[in-house]
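# Geometric and topological summary
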Amino acid sequence: MSVRVHGASKVFSPGTPNEKTALKQVDFALEDGEFAVVIGSNGAGKSTLLNALAGEVPIDSGEILIDGRDVGSEPVYKRARLISRVFQDPMLGTAPELSIEENLAVAARRGRRKTFRLGLNRRNREYFRERISILGLGLESRLSEKVRSLSGGQRQSLTLIMAALLAPRLMLLDEHTSALDPRAAELVLKLTSDVVTGEAITTLMVTHNMQHALRFGSRLFMMHEGGIVLDAAAEEKSGLTVNDLVGRFHVTDDKMLLG
Amino acid sequence: MDFLDIYLNLFTVSLVQGAIFAFPALAVMIPFRMLGLPDLTSEGAFPFGAAIAATFTVAGFGPVLSLSAAVLFGFVVGAATALIHLYLRVPSLLAGIIVLTMLFSINIRVMGKPNTALFDNDSIFTLALDADGGEPLTQFALILALVLVFLAVFYWFLNTELGMALRCVGANQAMSRAQGIPTHYYIVAGIAMAGGFSAFGGAVMAQHQAYADVNMGVGVLIVGLAATILGETLVGRSTLIRQLVAPVVGSLAYFQVVAVALALGLKPSDLKLLTGLFVLTTLSIPIVLQARLPVRTGSRSRR
Ligand SMILES: Nc1ncnc2c1ncn2[C@@H]1O[C@H](COP(=O)(O)OP(=O)(O)O)[C@@H](O)[C@H]1O
Ligand SMILES: [Mg+2]
């Protein structure tokens, strides 16, 4: 079992009028290489769950185990050795002032000790060129360009390659295609699926798009008011339709329907 | 005719000034551009470096060790600012003001008096050039060589794994954390380096004029800022090399402009006003350009 979450709870601003329960006794476990998709209406707690796993949000109680080790008290930068992320905002996942290859070099040492060795050399450049060419976006000939000059879709694709560069034990994707135009979103999703399944990376992917939720992944979580209200394994998932999801959980959020 | 005479007289001296101020200019650029965190410490680190170097020199440590000591103590004050900012949650500008204010007292403690004369002591200039410290042009060559050595080492460092992580922190802190970089350490290191650069500049200045004074730092920051902005206008900042060279070119150019202003009959006491106006103008150009377009259509008027 590579990832186990046990009784994770989180209340924001407890004891104030703004008190918000974001996670309520969340329990689940992911097998090695499992690709789980997370859906749920706005405010259901999806982002909080991912932030809790990454360490951006400390949980109030419960356990987060990765490969059996409790990482619940480790800061973000320590967990980074095990976890990689792609954010919703394409601007968040890369360093705009660094070149494409420098961004890749940083990702190639995710969670590792940094040294006085040069960050780029002929060998890792060659490797980066090879990895980035998978995208088919021509970025391999623009390695020394600053990331600032890339489009949102290109950045998100690069971030994904970076996230998979040092095979993580867990990959967290939070609506990572929702800021992209439909064509770019489709491209990044296909790439996601290829990378995640190709390298058997244990993954949690949040999406607002029901079609995507049904099309991708080997497992489906639906969250509601801080809890997981549906946990469909591959078999059950493949039998579900968008109408099922809407009908069974009275979800009437337009954004979810329209994606 | 008069103008040319005065300017030519000032030309070489201004080259020397420009080369020395390249150090505090770099110290302004590093936090401002590479860490995205404006910092004022260099205004205090500059006279502090001078005071430390002077004290070490008087104590007989020799010019080279005195310069090294200045760099080390410059690191410490830079780190102090960063730690105050990060752990006591004081805004970085205020943290810098607090540190540079305290440094005024510390400088007097260090020297035992508000200033120290070094006329009887060796300096890197008497050591490397000749017994009376050399001509302005050779002095300029010596300081420029030091600037280039610092730049080369710094450029190399910024391309190491550690330096790349530092630049990454400056560009995107959330992403850096997600990549496993403990951002606090790097911010401390970056501001510390800036402190070291500025202190080194102050120490070279003290050795050059054979004199250290607590008030040497006044206006260093704004000169550094003006030099950085001017340099970026001249060489741009599209690559790492350009970004590093900009404060140096800017500082050299700035002091030539100053020489021209003086040759035109302006008083030295007018310079701070002019420098301030220059920085203000440069900073406001984008705002003025932007404000022109959206004023009518923007939501600003409705708010
Ligand atoms: N940093 C925060 N401070 C206070 N409340 C928050 C914070 N982050 C999330 N919340 C609240 O927690 C709940 C869950 O939010 P979130 O996890 O972002 O939902 P989702 O990603 O499913 O839309 C919401 O009610 C939200 O308002
Ligand atoms: Mg969310």
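See the structure above.
The residue numbers shown here count from 1 along each chain, following its written sequence. Labels follow written order: the first chain is A, the first ligand is 1, and so on. Only residues with pLDDT of 70 or above have their local features reported here, since the model is predicted, and side-chain atom pairs are shown and tallied only from 80 upward, although totals for entire chains, interfaces and linings are computed over all residues. With hydrogens and water excluded, all non-hydrogen atoms of the structure serve as input to the side-chain values.

### Section: the overall build of chain B
Condition: The numbering of helices and of strands both runs from the N terminus, where a helix is a DSSP run of H or I of at least 4 residues and a strand a run of E of at least 2. Only the C-alpha atoms count toward the radius of gyration. The rule for a globule is 2.2 Å times the residue count to the power 0.38. Burial here depends on accessible area, computed with a 1.4 Å probe over protein chains only, as a share of the maximum for the residue type. Under 20% is buried, over 50% is exposed, and the range in between is partly exposed. Residues are treated as being in contact if the distance between any of their heavy atoms lies within 4.5 Å. Method for areas: the Shrake-Rupley scheme with a 1.4 Å probe, in which residue coverage is limited to the protein chains shown. Residues scored as charged are limited to Lys and Arg (positive) and Asp and Glu (negative), so that His and the chain ends carry no count. Charge placement uses NZ in Lys and CZ in Arg. For Asp and Glu, CG and CD serve respectively.
When its secondary structure is counted, chain B shows twelve helices and two strands. Here the C-alpha radius of gyration of chain B, 20 Å, is about what a compact globule of 303 residues would show, namely 19 Å. A total of 303 residues make up chain B; the buried ones form 52% of that total. At a minimum sequence separation of 6, the contacts of chain B that also span at least 24 residues come to 76%. Of the accessible surface of chain B, which amounts to about 13900 Å², a share of 69% is contributed by carbon and sulfur atoms. Charged side chains in chain B number 15 positive and 13 negative. The centres of these two groups are separated by 26 Å.

### Focus on the sheet that holds strand β1 (residues 3-12) of chain A
Residue and element names in this part refer to chain A. We apply this condition: Strand pairing is defined by DSSP finding a minimum of two bridges between the two strands. Each axis is a line fitted through C-alpha atoms, taken for helices only over the stretch in contact, and angles between the N-to-C directions span 0 to 180 degrees.
Here four strands make up an open sheet; going across it, the order is β2-β1-β4-β5 and the pairing antiparallel. The open sheet terminates on both sides in strands that have one partner only, identified here as β2 (20-30) and β5 (69-70). Both strand β4 (residues 61-66) and β5 contribute to a ladder of two bridges, which runs antiparallel. Looking across to β5, one finds that Ile 66 is bridged to Arg 69. Across the sheet, helix α1 (residues 46-54) is in contact with β1, β2 and β4; its angle to β2 comes to roughly 65°.

### Description of the pattern of salt bridges
It is possible for side chains bearing opposite charge to pair when their charged atoms get close. Residues and elements named next belong to chain A. This is how it is decided: When a carboxyl oxygen of Asp or Glu lies within 4 Å of a side-chain nitrogen of Lys or Arg, that pair is called a salt bridge.
Scanning the entire structure with this criterion turns up 19 salt bridges over all chains. Salt-bridge contacts for Glu 126 lead to Arg 129; the nearest nitrogen and oxygen are separated by 3.8 Å. Of this pair, Glu 126 and Arg 129 both sit in helix α4 (residues 122-133), three residues apart, which is roughly one turn of that helix. On the basis of relative accessible area, Arg 129 is assigned to the partly exposed category, the value being 33%. Salt-bridge contacts for Arg 142 lead to Glu 145; the nearest nitrogen and oxygen are separated by 3.0 Å. What makes Arg 142 partly exposed here is its relative accessible area of 23%.

### Considering the interface of chain A and chain B
Note the cut-off: Buried area: the accessible area, evaluated with a 1.4 Å probe, that two parts lose upon being put together, summed over both parts.
Listed by partner, the interface residues are 32 residues for chain A and 23 residues for chain B. Both faces considered, chain A and chain B share a buried interface measuring about 2300 Å² in area, 63% of it formed by carbon and sulfur atoms. Its largest share of buried area at the contact with chain B, chain A owes to Tyr 77, Lys 114 and Phe 116 of chain A, together 26% of the area lost on that side. Linking chain A with chain B are three salt bridges.

### Quick look at the site of ligand 1
Residues and elements named next belong to chain A. Keep this limit in mind: Near, as used in this document, describes a residue that has one of its heavy atoms within 4 Å of the molecule or strand being considered. Residues adjacent in sequence count toward polar contacts only when both atoms are side-chain atoms; beyond that, a polar contact is any pair of N or O atoms within 3.5 Å, and within protein one must be able to donate a hydrogen and the other to accept it.
Taken together, the residues surrounding ligand 1 are Phe 12, Lys 20, Ala 22, Ser 41, Asn 42, Gly 43, Ala 44, Gly 45, Lys 46, Ser 47 and Thr 48. A distance of 2.8 Å separates an oxygen atom of ligand 1 from a polar side-chain atom of Ser 47. Here Thr 48 contributes a side-chain N or O atom positioned 2.5 Å from an oxygen atom of ligand 1. Burial of ligand 1 by the protein amounts to 64% of the accessible area it has alone, namely 560 Å².

### Some thoughts on the sheet that holds strand β6 (residues 83-86) of chain A
All names here are of chain A. Reading across the sheet, the six strands line up as β6-β7-β8-β3-β9-β10 and stay open at both edges, with mixed pairing between neighbours. If you trace the sheet from one side to the other, it starts and ends with β6 and β10 (227-233), each paired once. Shown here is a sheet whose adjacent strand axes are inclined to one another by a mean of 20°, direction ignored. Here strand β3 (residues 35-39) runs beside strand β8 (residues 203-206); their pairing, made up of four bridges, is parallel. Counted as the bridge partner of Phe 35 is Thr 203 from β8. α1 rests against β3, β6, β7 (170-174), β8 and β9 (219-224) of the sheet, and its axis sits at about 150° to β7. The sheet contacts of helix α5 (residues 152-165) involve β6 and β7, and relative to β6 the element is tilted by about 175°.

### Brief notes about the environment of Val 38 of chain A
Looking at the element boundaries, Val 38 of chain A is found in strand β3. For Val 38 of chain A and Leu 173 of chain A, which are 135 residues apart along the polypeptide, the C-alpha to C-alpha distance reads 9.7 Å.

### Things to note about the side chain of Thr 94 of chain A
Here Thr 94 of chain A shows up in the loop between β6 and α3 (100-107). Its relative accessible area of 0% is what places Thr 94 of chain A among the buried residues. In this view, Thr 94 of chain A contacts Asn 103, Val 147, Arg 155, Leu 158, Thr 159 and Met 162 of chain A together with Asn 172 and Met 175 of chain B; residues no more than four positions away in its chain are not counted.

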